[in-house]
Protein chains: 4
Amino acid sequence: MSEIHEECGLFGVYSKANEDVAALSYYALYALQHRGQEGCGIALNDDGVITVHKDSGLVRDVFPPGSIPLGSGSSMAIAHARYGTTGNDPRTNVQPLVITHRKGRMALAHNGNLTNDAELRESLEMKGSIFHTTSDTEVIAYIITKNRLSCTSIEQAIEKTMEEIAGAYSLMVMSSTKLIAVRDPWGFRPLCMGRLGDGYVFASESCALDAVGAIFERDVEPGEIVVIDSKTVSETGPVSIKTHCKKEKSSLCVFELIYFARPDSIVDSIHIHSARLRAGAFLALEHPSQADVVIGVPDSGLDAAIGYSRQSGIPYGLGFIKNKYIGRTFIQPSQSDREDTVRIKLNPIVSTVKGKRVVLIDDSIVRGTTSKRIVRLLREAGAKEIHFRSSAPKFLYPCYFGTDIDSSTDLFAYKYDDEQMCRQLDVDSLGFLSSENVTKLADHPCIGFCTACFTGNYPCPEPLCKGKDKYSAKLPRSEEE
Amino acid sequence: MSEIHEECGLFGVYSKANEDVAALSYYALYALQHRGQEGCGIALNDDGVITVHKDSGLVRDVFPPGSIPLGSGSSMAIAHARYGTTGNDPRTNVQPLVITHRKGRMALAHNGNLTNDAELRESLEMKGSIFHTTSDTEVIAYIITKNRLSCTSIEQAIEKTMEEIAGAYSLMVMSSTKLIAVRDPWGFRPLCMGRLGDGYVFASESCALDAVGAIFERDVEPGEIVVIDSKTVSETGPVSIKTHCKKEKSSLCVFELIYFARPDSIVDSIHIHSARLRAGAFLALEHPSQADVVIGVPDSGLDAAIGYSRQSGIPYGLGFIKNKYIGRTFIQPSQSDREDTVRIKLNPIVSTVKGKRVVLIDDSIVRGTTSKRIVRLLREAGAKEIHFRSSAPKFLYPCYFGTDIDSSTDLFAYKYDDEQMCRQLDVDSLGFLSSENVTKLADHPCIGFCTACFTGNYPCPEPLCKGKDKYSAKLPRSEEE
Amino acid sequence: MSEIHEECGLFGVYSKANEDVAALSYYALYALQHRGQEGCGIALNDDGVITVHKDSGLVRDVFPPGSIPLGSGSSMAIAHARYGTTGNDPRTNVQPLVITHRKGRMALAHNGNLTNDAELRESLEMKGSIFHTTSDTEVIAYIITKNRLSCTSIEQAIEKTMEEIAGAYSLMVMSSTKLIAVRDPWGFRPLCMGRLGDGYVFASESCALDAVGAIFERDVEPGEIVVIDSKTVSETGPVSIKTHCKKEKSSLCVFELIYFARPDSIVDSIHIHSARLRAGAFLALEHPSQADVVIGVPDSGLDAAIGYSRQSGIPYGLGFIKNKYIGRTFIQPSQSDREDTVRIKLNPIVSTVKGKRVVLIDDSIVRGTTSKRIVRLLREAGAKEIHFRSSAPKFLYPCYFGTDIDSSTDLFAYKYDDEQMCRQLDVDSLGFLSSENVTKLADHPCIGFCTACFTGNYPCPEPLCKGKDKYSAKLPRSEEE
Amino acid sequence: MSEIHEECGLFGVYSKANEDVAALSYYALYALQHRGQEGCGIALNDDGVITVHKDSGLVRDVFPPGSIPLGSGSSMAIAHARYGTTGNDPRTNVQPLVITHRKGRMALAHNGNLTNDAELRESLEMKGSIFHTTSDTEVIAYIITKNRLSCTSIEQAIEKTMEEIAGAYSLMVMSSTKLIAVRDPWGFRPLCMGRLGDGYVFASESCALDAVGAIFERDVEPGEIVVIDSKTVSETGPVSIKTHCKKEKSSLCVFELIYFARPDSIVDSIHIHSARLRAGAFLALEHPSQADVVIGVPDSGLDAAIGYSRQSGIPYGLGFIKNKYIGRTFIQPSQSDREDTVRIKLNPIVSTVKGKRVVLIDDSIVRGTTSKRIVRLLREAGAKEIHFRSSAPKFLYPCYFGTDIDSSTDLFAYKYDDEQMCRQLDVDSLGFLSSENVTKLADHPCIGFCTACFTGNYPCPEPLCKGKDKYSAKLPRSEEE
């Protein structure tokens, strides 16, 4: 039940045979919906002609029956599920972005966040560029376009672009003839590749490969560009370009393991569910407790709760029922309504907690408001003691790589010391996973992690203009003229 | 993940103070949505003027922001969430039913199924009655109306009606001045009462009381009529009429415990989650197994899986991720699509089951198709052995009381013997909860159960015209004229 | 631009061949939309199985592409376009009404208004009837059903029903095997019959026959029942029953000629456009004027304006542009907005009226508010003199036969004398067609007219409970219990 | 009933006082809807923050109640109604276009068509520009942005831009502080200015000024830029820049007079309705006929028909009823349906034409298909002779300035000689207004006209790449890479 959101899920498909790439993209978006629920879109490539269908809303809203040309003759597609700020025209920033440039049409879908977006944007504007969106995807499109003018291929242009942009980016790029997957040199955001018949698919998480019946092949590596076109798909297999940015130390966002990714996904060879079981086990070791039952906050705290239970020997229980019908159109109870109506969304199971000493596991504590509410529910249901355990370490530093942890001053663990936090939350004890152990959640140590939000150690330079509230709902007011 | 559906959830509210009864009904419908997802509605009573808002669809579709007069001055409301057949005009049967009769307006909401509906309907038609719907709710409305002509109050008319109708019915009735809750003499379907400030609420399950911040008071008893009006709400408290039908043996549908009700609800003093833990424990005792992990089919198999794990000592694990975004508008993969796309809805967690001996718990096996699909997913994920346990006994007889277990000939356990079932499902062992123990799921023996679908012992006479396919999507063709 | 509304347009089709009766009904509803814009519906009969598709809204809203089974195998259909009050659940009263009774299913569509509805309803309620709607169509359905129990055919039951009901009714009735058209003994509302291939169609106005490519055959006569089934359509032709109610004096609503019907329709052998030209000519003779130009209020005043121009020799001109895009979803300018925004809907053509003496023709003056507004527009556009002519006589009496002229006290011509009216409207002269000449609008005198709203001579008894506001938006409050 | 469509209607408002500029824009779009029915939008400026609300569809579809922030604090707005090709993502091209550039945000709305769009686009692409749309509005935005970098104000940048772009353009531009109206040097498309309280409004046609209660002030002159900001609105009045492009000969599209503009509008001091009356009078003089009645094809042929009637003395009659409820969602009769169903849209009034010699006036004949259909309707209705008169001259040349007269080879008058046309249309005589007299439709000769589609005399250079089908629904396929 994290208060943190990430930006976006990606999917791409190149089909040699007669696969329905529109339908595959649609199913993949359902599998990736947890990564972004504000908008989504699919760009289709039918023999070089690129079209796009996108809007704000969930997949079920954006693609009602009849809305996409299922069974069309397209052989390539890319798709995107987006988390993003609301703003006045949220539709504008929905992806894939499809543009026309000197060499034809290009579709882009982006997961991540550039740290030098402001500088690049300013430099482009100085040369006369206009921007339709507030998204850094458009900046990337511009730089690829610019480089394309002097490069012999789009993949060369992308390689050159990677030397200019910094920060987190997993990208799907579709030109009239090529499908291209790109992952930033640090590997902040996941991206994997699978086989589907004689064709290939790419996705942010392997659960989307499962959803379309593809077989996992490998992760796209940090700093790698993978190119598929009609020739390579048949003859050589995908072409891999290991850019020289590749030398960066890999820095997968550790919060992908704790919260973002789906438990059934495998990211950079890490089974997400296993990692969360390990988080629970570490928590049990670092912060043991005398208790009668271990419960998790659904859905993201359940895996770690099982891990804690197994390690500690304290029985695992179902503590809450989460209402699965509540969505965007749910009318919030007004302030004048009784506080109790919070139980519409989350209701405790009294028989599990009444008179019990409860270990409560959640994935994280960000601003603390959700956690307070949940603790109060348990108290009202008769829990005797509450021992709160967070499977993420204390959030102390802002993230510049695509999550919405904005500013230290709002962070619960930054504002309060341990005793104050206990009092604020009204819990009997409180424990966070240590930032040392958070990097040990992977069962085999083959990849590095970004833990900047816990440690302040940023793997790449921080943005110059940190203060600028990039995702402000209020659009920028112009300079005087 | 049962293939069985029930018909309906009920809610009613009488507010003395300034509660927003429209908003309360809306929240209650969200809490009761699991009982019926085909349509829903709310009837409001504003100083004697009854209006209704209803349609086919989920609460979120039927009540978009602005659709109900939140904050209106109404002091009474009843609401209904419906499961029902599609047919050509599903909207027609959506409830509450609101009609005008000799003595004014009346709104009805009904959960259950009459067993003498056909006879009553014929008798009414012989006297010139016309029917707008195919629902037995309209039959009940007619009989109350008829009795009202010779009775001095609506509650008297209802009492008389209860002598004429047979079968399962929990009812909410709203006249211009009264809110009335009714439960059939057998108590097939649940109905409980709570306090909200100085007013009262009724609901099919206590989870709806929690959702609106009401305090559980008691269950409406089998054969009881509870009446609230402006006088009783202030002075005497609700008037209870214990009809002489009351002498029937109570027969709560045991499948409410196993599947229908929400785990956080308390039904006839039974904590549903506890009952399911007990079902798991009984299963472990009746059908032990040598295994490495116990998993449940989400969401309805999870509670019993924990119970099995605790009793057996075999670790509990998360076996599947269920996609929570898939709803009515989801476009099913076409037959030509690969079979693998079933994993869009339910995807196994490989690390939990690969190479493992797995105990798989589901709430029931009806026609067997869903179970086969789930077992195949586990096999593909590498499960070494699969021991299937059903927390419901074998379905062998049709239900006439409001679930859609139609005919014995379709029932998996009726068609096959144990060995055949194992082969059909491709499991290593198979066990059903015994029909003896299914009545022991309640932790204290204060109520009787209907187990007719397992035992053939029907608590009230079966319908005469069993063969007539009452819920046929094809509407009846007329006789010749 | 009349402030009066009528209730409803009817259509029915019986196709022997392979006509798409759903599509024909859809096109006919477009042609009849001017008769009712609050709701519409189509009932289809596919080999005895009757289904209905209906909702509140315009045809374009109720039947979006994909909403009706075009090309289905149905051979019969009836359709209805409704004008009606808003109320709290306008959807409830939308027609066709489809009900099940002792002998099968029946669909009804009704244009008109019963004068003994209240008495019939009370008598039915005394026998235990329940009502789902506030429409008198349901009363008619009940009485047909009751009579059907003792009659050998539905047409007999209808004939018997006609002896019990009084007032205005043109009806389309569809049973499982028969299509039946009915017109009340006075012939208040129009109904005509046409041939389409080997089949038959019925419609309120001949413009709907034109729309579906049918050939006009004749009007259904006052007091006549026309029955079509599989036998008569092939062998004998439609069976006509001239009920003995037939002896009533025919009394077509004269306002059909002046305003309701479309100018291209032929109603009871009267060309509507010709009748309106004659209305204009009579006006020119009764109320001549010295003027420079004759203009009509679009659209219903245009025909009479041409008639006035031709008779008087004063040139005809286009005086206004009416915005054709404004519909139900148009957001009215708020009261705080400038008055001038009325010109969004109707804007004068300055060059036609500036400095001119203008004869302004409208179909009628009911409450006077619209007329005042239009006159002011002309004044602002520079008209020197305005001579207002109404092609309807003065409205002095309420109508009980299906228009919404409620009560004398609201009527402009009832409240004010001629001089006051001129002052109120700010016109230089004012003239109404005389109630003598209004009955001479037909070019050949073959039918009688109802002119009760002008003369107070009601062709059939007035309702007993005139005061009861039948179409009140507020639903009836129940009696105490 | 022309087969020609133009692109777009414009509106802009700068309010000093507390006007609701969102509501005014909404009403103005209703008044301008006839100029574009494919999409529309409103851009609001609230103290420098520019937001936009737009989509494909009619005003009533794009702006349902609640969709725009009526009553917001905005002080400036521009709005656009668009005619355009469908394509795969019609939404992309909907205007106003809102972009961010070096100096802030800018909103643009454009009516017209650049003739050097392709060259400009290519040149921009060579410098690395990317395009989101296929509209030349984006090209204009780029060039203004580029010039803005070296100019001290946006109006200077626009003036410089006007030296680079060629063709037809009326523009509304809104920066964070300024509202700017621009008309191309030839004045192809209309644009006028009005006062509203202490503020100003601009609109394509004066009927939109009437709709919002503004008072017409003057037309924006060809080659003029009008600038309003907080200073000028209060002190000096709008600043007018007469660009030196001003020396071009004025060339208002003469088809605005014949068809595009609304009859109640005044364009460049020409009363449109009067011009159409004159067109009818010229036709009567150039092509007299012996006939009994003159009728016009609704709605655009009605004015000229009155003019013909007055000049010739032949009586004016109403010949057709046009169904005003048919819109975008109307389901076209399938090919297998009878031809007669064309009468759903347009039905002749038999009494007007039966046995008569009819003069039929339409605004134009483009491809001839509509005209043939209309003539056949009249023949079926019994017209004895049909004398067809077109108030536009023969279309012989393509238009490059924003109408969709594509290619000579499709044009009826280009393909056939006079005798052939009569035979094709099945008329007794045929007459077109002469291209000499078409320039005399204005009652006072103060402006020049573009008559290129009739004469081939193009007022500005034709596009180089005429053959390129700019508005192709198929999006461009990329070059190879």
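- Where an unreviewed UniProt entry is consulted, chain A appears under the name Amidophosphoribosyltransferase, with the organism given as Sphaerochaeta pleomorpha.
- What the UniProt record of chain A gives under Sequence similarities (unreviewed entry) is the line "In the C-terminal section; belongs to the purine/pyrimidine phosphoribosyltransferase family."

**Structural notes on the overall build of chain A**
Next up, step 1: Each helix and strand in chain A was counted, giving 15 helices and 23 strands.
Next up, step 2: Since a compact globule built from 481 residues should have a radius of gyration of about 23 Å, the 23 Å found for chain A is in line with a globular shape.
Next up, step 3: The principal-axis extent of the C-alpha atoms belonging to chain A is close to 70 × 55 × 45 Å.
Next up, step 4: Every one of the 481 residues in chain A was classed for burial, and the buried ones make up 65%.
Next up, step 5: Counting 53 positive and 61 negative side-chain charges, chain A places the centres of these two groups 2 Å from one another.

**Overview of the interface of chain D and chain C**
Next up, step 1: On the chain C side, the residues contacting the 56 residues of chain D number 57 residues.
Next up, step 2: In total, chain D and chain C occlude about 4,900 Å² of area from one another, counting both sides; carbon and sulfur atoms represent 58% of this.
Next up, step 3: The salt bridge involving D210(D) is made with R343(C); its shortest N-O contact spans 3.7 Å.
Next up, step 4: Every element with two or more residues in the side of chain D that touches chain C is listed here: α1 (21-32), α6 (206-212), α9 (272-286), α10 (302-312), β18 (320-322), β19 (346-348) and α11 (350-353) of chain D.
Next up, step 5: For the side of chain D that touches chain C, the per-class residue count stands at 26 nonpolar, 16 polar and 14 charged.

**Focus: the UniProt feature "binding site: [4Fe-4S] cluster" (unreviewed entry) in chain A**
All names here are of chain A.
Next up, step 1: Sequence positions flagged by UniProt for "binding site: [4Fe-4S] cluster" (unreviewed entry) are, in local numbering, C253, C399, C450 and C453. For the annotated residues, spread through 201 residues, the largest C-alpha to C-alpha distance comes to 10.1 Å, consistent with a single compact locus.
Next up, step 2: Here C253 lies in strand β14 (residues 252-253).
Next up, step 3: Considering the arrangement of structural elements, one finds C399 in the loop between β21 (385-390) and α13 (412-415).

**A few points about the domain arrangement of chain A**
By a frequent convention, interface size equals the accessible area lost on bringing the separate parts together.
Residues and elements named next belong to chain A.
Next up, step 1: Looking at the assigned domains, one finds that chain A contains domain 1 (9-248) and domain 2 (259-455).
Next up, step 2: One C-alpha centre belongs to domain 1, the other to domain 2; they are set 33 Å apart.
Next up, step 3: Of the residues lining the interface, 22 residues belong to domain 1; the matching set on domain 2 comes to 16 residues.
Next up, step 4: At the boundary of domain 1 with domain 2, total buried surface from both sides reaches about 1,500 Å², with 49% on carbon and sulfur atoms.
Next up, step 5: The largest per-residue losses of area from domain 1 upon contact with domain 2 belong to F188, R189 and D219, which jointly make up 25% of the total buried on that side.
Next up, step 6: Of all the elements in the fold, those that place two or more residues in the side of domain 1 that touches domain 2 are β6 (104-114), β7 (167-174) and α6 (206-212).
Next up, step 7: Its residues assigned to classes, the side of domain 1 that touches domain 2 comprises six nonpolar, eight polar and eight charged.

**Quick notes on the relation of the copies chain D and chain C**
Next up, step 1: You can overlay chain D on chain C at an RMSD of 0.0 Å; the transform is a turn of 180° with a shift of 0.0 Å along its axis. Overall, the copies show the geometry of a two-fold rotation axis. Looking at the rotation axis and the C-alpha trace of chain D, the residue lying nearest is K324(D), at 3.5 Å.
Next up, step 2: When the interface residues of chain D are mapped onto chain C, 100% of them again lie at the interface, so the same face is used by both copies.

**Here's the deal with the relation of the copies chain A and chain B**
Next up, step 1: With an axial shift of 0.0 Å and an RMSD of 0.0 Å, the rotation relating chain A to chain B amounts to 180°.
Next up, step 2: Here 100% of the interface residues in chain A have copies in chain B that are interface residues too; the copies meet face to matching face.

**Examining the packing of helix α9 (residues 272-286) of chain B against helix α10 (residues 302-312) of chain B**
All names here are of chain B.
Next up, step 1: One can describe the packing of α9 onto α10 by two numbers: an axis separation of 7 Å at closest approach and a directional angle of 50°. Here α10 runs oblique to α9, going by the angle between their axes. Here α9 runs over α10; the crossing is right-handed. From α9, H273, R276, L277, G280, A281, L283, A284 and L285 reach across to α10, where they touch D303, A304, I306, G307, Y308, R310, Q311 and S312.
Next up, step 2: Considering only residue class, the contact of α9 with α10 consists of eight nonpolar, five polar and three charged.

**Focus on the pattern of salt bridges**
Residue and element names in this part refer to chain D.
Next up, step 1: Within this structure, the stated rule accounts for 95 salt bridges over all chains.
Next up, step 2: Two residues, D268 and R183, come together in a salt bridge whose shortest N-O distance is 2.6 Å. With D268 in the loop between β15 (266-267) and β16 (270-271) and R183 in strand β8 (residues 179-183), this residue pair connects regions lying 85 residues apart in the sequence. Of the two residues, D268 and R183, neither departs from the other in class, the shared state being buried.

**Quick word on the UniProt feature "binding site: Mg(2+)" (unreviewed entry) in chain A**
Residues and elements named next belong to chain A.
Next up, step 1: Using the residue numbers shown here, the UniProt feature "binding site: Mg(2+)" (unreviewed entry) corresponds to S300, D362 and D363. Across 64 residues of sequence, these annotated residues stay compact in space, with a maximum C-alpha separation of 7.0 Å.
Next up, step 2: Considering the arrangement of structural elements, one finds S300 in the loop between β17 (293-296) and α10 (302-312).
Next up, step 3: Take S300: its relative accessible area is 11%, and that puts it in the buried class.
Next up, step 4: Within polar-contact distance, the side chain of S300 engages the side chain of D363 at 2.5 Å.

Analysis parameters
- Residues numbered from 1 in each chain as written.
- Chains lettered and ligands numbered in written order.
- Predicted model: local features only at pLDDT ≥ 70, side-chain atom pairs only at ≥ 80, totals over all residues.
- Heavy atoms only, no water.
- UniProt positions renumbered as here; feature names shortened; annotations may be inferred.
- Helix = DSSP H or I, 4+ residues; strand = E, 2+ residues; numbered from the N terminus.
- Rg over C-alpha atoms; globule rule 2.2 N^0.38 Å.
- Buried < 20%, exposed > 50% of the residue type's maximum accessible area, 1.4 Å probe, protein only.
- Lys, Arg positive; Asp, Glu negative; His and termini not counted.
- Charge placed at Lys NZ, Arg CZ, Asp CG, Glu CD.
- Contact = heavy atoms within 4.5 Å.
- Buried area = accessible area lost by both parts, 1.4 Å probe.
- Salt bridge = Lys/Arg side-chain N within 4 Å of Asp/Glu carboxyl O.
- Nonpolar A, V, L, I, M, F, W, Y, C, P; charged D, E, K, R; others polar.
- Domains from an automatic or database assignment.
- Least-squares fit on C-alpha atoms with pLDDT ≥ 70 in both.
- Axes fitted to C-alpha atoms, helices over the stretch in contact; angles between N-to-C directions.
- Parallel < 35°, antiparallel > 145°, perpendicular 65-115°, else oblique.
- Left-handed = near helix turned anticlockwise from the far one by under 90°.
- Polar contact = N/O pair within 3.5 Å; in protein donor to acceptor, adjacent residues only side chain to side chain.

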